[in-house]
Amino acid sequence: MILQLLKMRIMIKNLTIVTILICIVTSTSIAKIVENKDLVYDENIHTALLHPPGDQLSPAIIRLNSTDKLQLSFDDMSAESYLFKYKFVHCTEDWQTSDLDVMDYIDGYFEEDITNYEFSLNAIPPYIHYNLIFPTREMQIKLSGNYILKVYVGTPDDENVILTKRFFVVEPLVRIDISIPYYPKNLEFVRKKQQIDLTLFTPDLFSAEPEQRINVTIQQNGRWDNAKENLKPTSIMLNQLDFNYREGIVFEGGNQFRNFDMKSYWYQSMYIKEIISNPDGYDVILHTDYPRANKPYSVIADISGKKLIKARSDQNTNTEGEYAWVEFWLKQPRIKDANIYILGALNDWQLDEKGRLRWDSRVNMYRGRLYLKQGYYDYLFVVVPDGRHRGSVSVIEGDHWETKNQYSVYVYYREKVPAYDRLVGYMNVNSFDVSTE
């Protein structure tokens, strides 16, 4: 009897150890992993914006050794305020964390507190609005390149990070010339795709090994899923670098962005079908969207996929702007082996579960929901085949050369000592301004 009891105790002890090990392995496997992207990691954090002060529609880019500033803001739905901190992370041209020490690219403090915050007024649900303007006098940036702004509580360990945002520091040493010809190299793309013809004019500083040390990234609107990265010059002539690829540098022309205006919940603007007020806030149901792939191109004013957070004129947007669940409906036959996503600044250009549309078999339509603050929003529908990470707008939205897309060109130069990618050129241009027939 005693031996049986001893055996049972040993078995229970071993089972306990195994259970603990399983719990440790499981918790480790689902631990939060922070990426160098525009992401929010805390479900209480909403409407994270990064832009020049007072200009939501301009990109998050500053010039090295200038007085340029950027403004970060976000809302926290938590019941109490927190002492959030932030730091900068220098990245390579392809958004990997660089090998530089913090002291190599930061002069002053390596982290600072976010001390500017306000409690919301009469908003349902209530929130706390945080605001930061940087660089500060105590924390200056010394090198150009790609940067991640990391916001966290306590220490910058992954489990404490609430959000990350991309921004750029440029030293404008390269002149960029781009055009979008009506007749691309591949004539199958005529009237559909937009081909980027690119030339760089570089000073003597970059005459050494430009084909190895120069890299170019081209971004369409705010998207990273379809960005053209690691582009190398194909010909070099004195201080001129040409990017003359056989098939060209080609993007889908796409279509003008769809939009809706919910700066006010007092009236239903165009494209809004219904606004429902309830004790937990608002529900905004948009009119059903339809595919545009087989329709003629028509000019619709848009803001290139961006969002403008703004409440009524009698409201303080920061503290009185309210949130709503926005409901999207798409009357589109079901697409096999692929997912459809809402895409735009309204979901930080992420192809993730939040923006994925679900098939509703009751009405044979796709349905999606996003939690958004009062404002004006652009969006498109993109299709992503299973196993892929790049979305296509042409399947649902159509493909038109005339579309007014914004293109951002980033020129990087690989410095050897210390080893890092300098951002030596930047250009943001509307396709309408550079298109040539």
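For clarity, every value in this text was computed on a predicted model and none was experimentally measured.

Asks: Whenever I open this one, the packing of aromatic side chains confuses me. Can you help?
Replies: Where two aromatic rings form a pair, the distance of their centres and the angle of their planes describe that pair. This structure, assessed with the given rule, holds 33 aromatic pairs. Both rings, one in Tyr 127 and one in Tyr 323, keep their centres 5.8 Å apart while their planes meet at 80°; by these two values the pair is edge-to-face. Of the two residues, Tyr 127 is situated in the loop between β8 (116-119) and β9 (128-134) and Tyr 323 in strand β24 (residues 323-330); the sequence distance between them amounts to 196 residues. Each of the two residues, Tyr 127 as well as Tyr 323, counts as buried. Each ring, one from Tyr 323 and one from Tyr 371, has its centre 5.2 Å from the other, and the planes form 20°; the classification is stacked. Of this pair, Tyr 323 sits in strand β24 while Tyr 371 sits in strand β27 (residues 365-373), and the two are 48 residues apart along the sequence. Each member of the pair, Tyr 323 together with Tyr 371, is buried. Here the aromatic cluster, defined as three or more aromatic residues joined through ring pairs, consists of Phe 74, Tyr 82, Phe 84, Tyr 117, Phe 119 and Tyr 130. Positioned above the aromatic ring of Trp 95, the side-chain terminus of Arg 166 is 4.8 Å from the ring centre. Just above the ring of Trp 266 sits the side chain of Arg 312; from NZ or CZ to the centre is 3.6 Å.

Asks: Honestly, the layout of surface pockets in this entry has me stumped. Any pointers?
Replies: Using a probe with the size of a water molecule, rolled over the atoms, empty space left in the structure can be pinpointed. Looking at the largest pocket, its volume works out to about 840 Å³. Lining the largest pocket we find 31 residues, and of these Glu 35, Asn 36, Lys 37, Leu 39 and Arg 166 sit closest to its centre. Contributions of two or more residues to the lining of the largest pocket are made by β5 (84-91) and α2 (102-105). For the lining of the largest pocket, the per-class residue count stands at 12 nonpolar, eight polar and 11 charged.

Asks: Just checking my understanding: could you explain the nonpolar core for this structure?
Replies: Within soluble globular proteins, side chains that are nonpolar tend to cluster in buried spots. Judged by nonpolar contacts, the single largest core of 31 residues is most densely connected at Phe 74, Phe 88, Val 151 and Phe 167. At the level of secondary structure, the elements contributing two or more residues to this core comprise β2 (45-51), β4 (70-76), β5, β9, β10 (139-141), β11 (145-153) and β12 (161-170). In contact with Val 151, other than residues within four places in its own chain, are Leu 72, Phe 74, Phe 84, Lys 85, Tyr 86, Ile 114, Asn 160, Val 161, Ile 162 and Leu 163. Counting residues in each nonpolar core, the second largest holds 27 residues, with Tyr 265, Ala 324, Phe 328 and Phe 381 among its members.

Asks: So what exactly am I meant to see when it comes to the sheet that holds strand β21 (residues 272-278) here?
Replies: Strand pairs in the sheet, formed through backbone hydrogen bonds, run parallel or antiparallel to each other. The strand order across the open sheet formed by five strands is β21-β22-β24-β27-β26, and the pairing between neighbours is mixed. Two strands lie at the open edges of the sheet, namely β21 and β26 (358-360), each paired on one side alone. Averaged over all pairs of adjacent strands, the angle between strand axes in this sheet comes to 25°, irrespective of strand direction. By the bridge criterion, three bridges tie β26 to β27 in an arrangement that is antiparallel. When the sheet's bridge partners are listed, Asp 360 is paired in β27 with Met 365.

Asks: I'm lost on empty space enclosed by the protein in this one. Help?
Replies: All chains considered together, the criterion is met by one cavity of 30 Å³ or more. In this model, the largest cavity occupies a volume close to 80 Å³. Around the largest cavity sit 15 residues that line it, and Gln 220, Asn 221, Arg 223, Leu 380 and Val 393 are the ones nearest its centre. Its residues assigned to classes, the lining of the largest cavity comprises six nonpolar, seven polar and two charged.

Asks: Help me understand the confidence of the model for the protein chain, please; the structure alone is not making it clear to me.
Replies: Low-pLDDT portions of the prediction should not be read for the details of their coordinates. Per-residue pLDDT for the protein chain averages 93, and the proportion of residues at 70 or more is 93%. When the criterion is pLDDT under 50, residues 5-29 qualifies, and its contacts beyond four places in sequence or with other chains add up to zero contacts.

Asks: Could you clarify how one ought to interpret the side chain of Asp 75 in this entry?
Replies: With respect to the element layout, Asp 75 can be found in strand β4. Relative accessible area serves as the criterion here: at 0%, Asp 75 is assigned to the buried category. Polar side-chain contacts of Asp 75 include one of 2.7 Å to the side chain of His 129.

Reading the values: the criteria
Residues numbered from 1 in each chain as written. Predicted model: local features only at pLDDT ≥ 70, side-chain atom pairs only at ≥ 80, totals over all residues. Heavy atoms only, no water. Phe/Tyr/Trp six-rings, centres within 6.5 Å; stacked < 30°, edge-to-face > 60°. Helix = DSSP H or I, 4+ residues; strand = E, 2+ residues; numbered from the N terminus. Buried < 20%, exposed > 50% of the residue type's maximum accessible area, 1.4 Å probe, protein only. Lys NZ or Arg CZ within 6 Å of the ring centre and 35° of its normal. 1 Å grid on protein atoms, 1.4 Å probe; cavity = no way out; pocket = protein on both sides within 12 Å on 5 of 7 lines; lining within 4 Å. Points joined across faces, edges and corners; volume = space filled by probe spheres on them. Nonpolar A, V, L, I, M, F, W, Y, C, P; charged D, E, K, R; others polar. Core = buried A, V, L, I, M, F, W, Y, C linked by side-chain atoms within 4.5 Å. Contact = heavy atoms within 4.5 Å. Pairing = 2+ DSSP bridges. Axes fitted to C-alpha atoms, helices over the stretch in contact; angles between N-to-C directions. pLDDT = per-residue confidence, 0-100. Polar contact = N/O pair within 3.5 Å; in protein donor to acceptor, adjacent residues only side chain to side chain.

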